[in-house]
Amino acid sequence: MNSIHLIKGDNAKAKVDAIVNAANPKLLGGGGVDGAIHRAAGSELLAACFAMEAINGRRCGYGDAKITCAGNLEARFVIHAVGPIYSKFAEPQKVLVSAYKRTLDLAIEHQCKTIALPAISFGVYGYPAREAATVALSVCSQPEYSELEMSFYLFDEEMLHIWQGILDSLGYE
Ligand code: APR
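Residues numbered from 1 in each chain as written. Predicted model: local features only at pLDDT ≥ 70, side-chain atom pairs only at ≥ 80, totals over all residues. Heavy atoms only, no water.

Draft legend 1. Fine view of the packing of helix α3 (residues 92-109) against helix α4 (residues 129-140). Two elements in contact, α3 and α4, have axes whose closest approach is 10 Å; the angle formed by their N-to-C orientations is 40 degrees. One element, α3, and the other, α4, form an angle in the oblique class. α4 is crossed by α3, and the crossing has right-handed handedness. Where α3 abuts α4, its residues Q93, L96, V97, Y100, K101 and L104 lie against A132, V135, A136, V139 and C140. Among the residues forming the contact of α3 with α4, the class breakdown is nine nonpolar, one polar and one charged. (Axes fitted to C-alpha atoms, helices over the stretch in contact; angles between N-to-C directions. Helix = DSSP H or I, 4+ residues; strand = E, 2+ residues; numbered from the N terminus. Parallel < 35°, antiparallel > 145°, perpendicular 65-115°, else oblique. Left-handed = near helix turned anticlockwise from the far one by under 90°. Contact = heavy atoms within 4.5 Å. Nonpolar A, V, L, I, M, F, W, Y, C, P; charged D, E, K, R; others polar.)

Here is the structure:
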């Protein structure tokens with residue numbers, strides 16, 4: 001079994017190697033997790049994002065992720081993951097799987113051992129709760145991520161309950 005933890009709270013406050021942001025393709029901040037991370041990280045993070053190459057204003061595609069420094073956060077890196085807008089994709093699941101895989105692959109490439117993730121796309125981007133949890137936890141359970149300690153930061157008790165149920169159904173204690 002891989003190392004997956006569920007925590008109630010704000011992932012911008014985590015002390016880990018990489019903090020994951022639920023970003024949009026511009027990578028210049030926003031609301032939700034993105035707002036909390038940029039507020040806590042400060043101007044160094046925004047400058048690092050701004051310095052990345054943009055094509056038509058986009059620095060990251062849907063289903064992709066990019067890595068930067070972490071500014072004032074207690075982490076080495078921020079990994080900016082762009083999940084699907086649920087209603088705008090014919091197959092949002094494929095895009096969400098890809099966003100998580102790109103995120104975890106980047107973490108491994110950069111020798112990260114610990115990572116703090118949010119529920120990507122399960123806010124403004126409208127992904128249904130159970131489906132979002134199933135995708136996230138299934139990707140994180142793949143053998144290639146067995147060396148990573150993955151902590152999901154969830155916002156409330158209801159979410160924790162749903163995610164715990166999916167984790168149990170995947171065979172975790
Ligand atoms: N820490 C952990 N979880 C959080 C935090 C936080 N600080 N803030 C919000 N959440 C929860 C939300 O309740 C939701 O369950 O994280 C989940 C993801 O929500 P969003 O942040 O809205 O992310 P997403 O659905 O992927 O939408 C991305 O939102 O703000 C914009 O710039 C961002 O345009 C992008 C879009």
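Draft legend 2. Main features of the site of the ligand. Around the ligand lies a shell of 23 residues, among which N24, G31, D34, S121 and G123 are the nearest. Between the ligand and G31 there is a distance of 2.6 Å, counted from an oxygen atom to a backbone nitrogen or oxygen. In this structure, an oxygen atom belonging to the ligand sits 2.9 Å away from a main-chain N or O atom of V33. Taking 700 Å² as the accessible area of the ligand by itself, protein coverage stands at 90%. Looking at the shell around the ligand element by element, the count peaks at four residues for helix α1 (residues 32-41). Of the residues assigned to the shell around the ligand, the class counts are twelve nonpolar, nine polar and two charged. (Near = heavy atom within 4 Å. Polar contact = N/O pair within 3.5 Å; in protein donor to acceptor, adjacent residues only side chain to side chain. Areas by Shrake-Rupley, 256 points an atom, 1.4 Å probe, with all protein chains shown as cover.)

Draft legend 3. Quick look at the sheet that holds strand β3 (residues 65-68). Pairing is mixed in the open sheet, where six strands are placed in the order β1-β6-β5-β2-β4-β3. Whereas interior strands pair on both sides, the edge strands pair on one side only; in this sheet they are β1 (3-8) and β3. On average, adjacent strands in this sheet sit at an angle of 20 degrees to one another, irrespective of strand direction. Bridging between β1 and strand β6 (residues 149-154) involves six bridges; their strand directions are parallel. The residue of β6 that forms the bridge with L6 is F152. Where α4 meets the sheet, its contacts fall on β1 and β6, and the angle it forms with β6 comes to roughly 165 degrees. (Pairing = 2+ DSSP bridges.)

Draft legend 4. Geometry of the packing of aromatic side chains. Under the defined criterion, the tally for this structure stands at five aromatic pairs. Measuring from ring centre to ring centre gives 4.7 Å for Y86 and Y127, while their planes differ by 70 degrees; the resulting arrangement is edge-to-face. On the criterion of sequence distance, the pair formed by Y86 in the loop between β4 (77-81) and α3 and Y127 in the loop between β5 (114-117) and α4 is long-range, its members being 41 residues apart. With a relative accessible area of 26%, Y86 lands in the partly exposed category. Among the residues examined, Y127 registers a relative accessible area of 3% and is labelled buried. Taken together, a centroid distance of 6.1 Å and an interplanar angle of 65 degrees make the contact between Y100 and F152 edge-to-face. You can see Y100 sitting in helix α3 and its partner F152 sitting in strand β6, a full 52 residues away along the chain. (Phe/Tyr/Trp six-rings, centres within 6.5 Å; stacked < 30°, edge-to-face > 60°. Buried < 20%, exposed > 50% of the residue type's maximum accessible area, 1.4 Å probe, protein only.)

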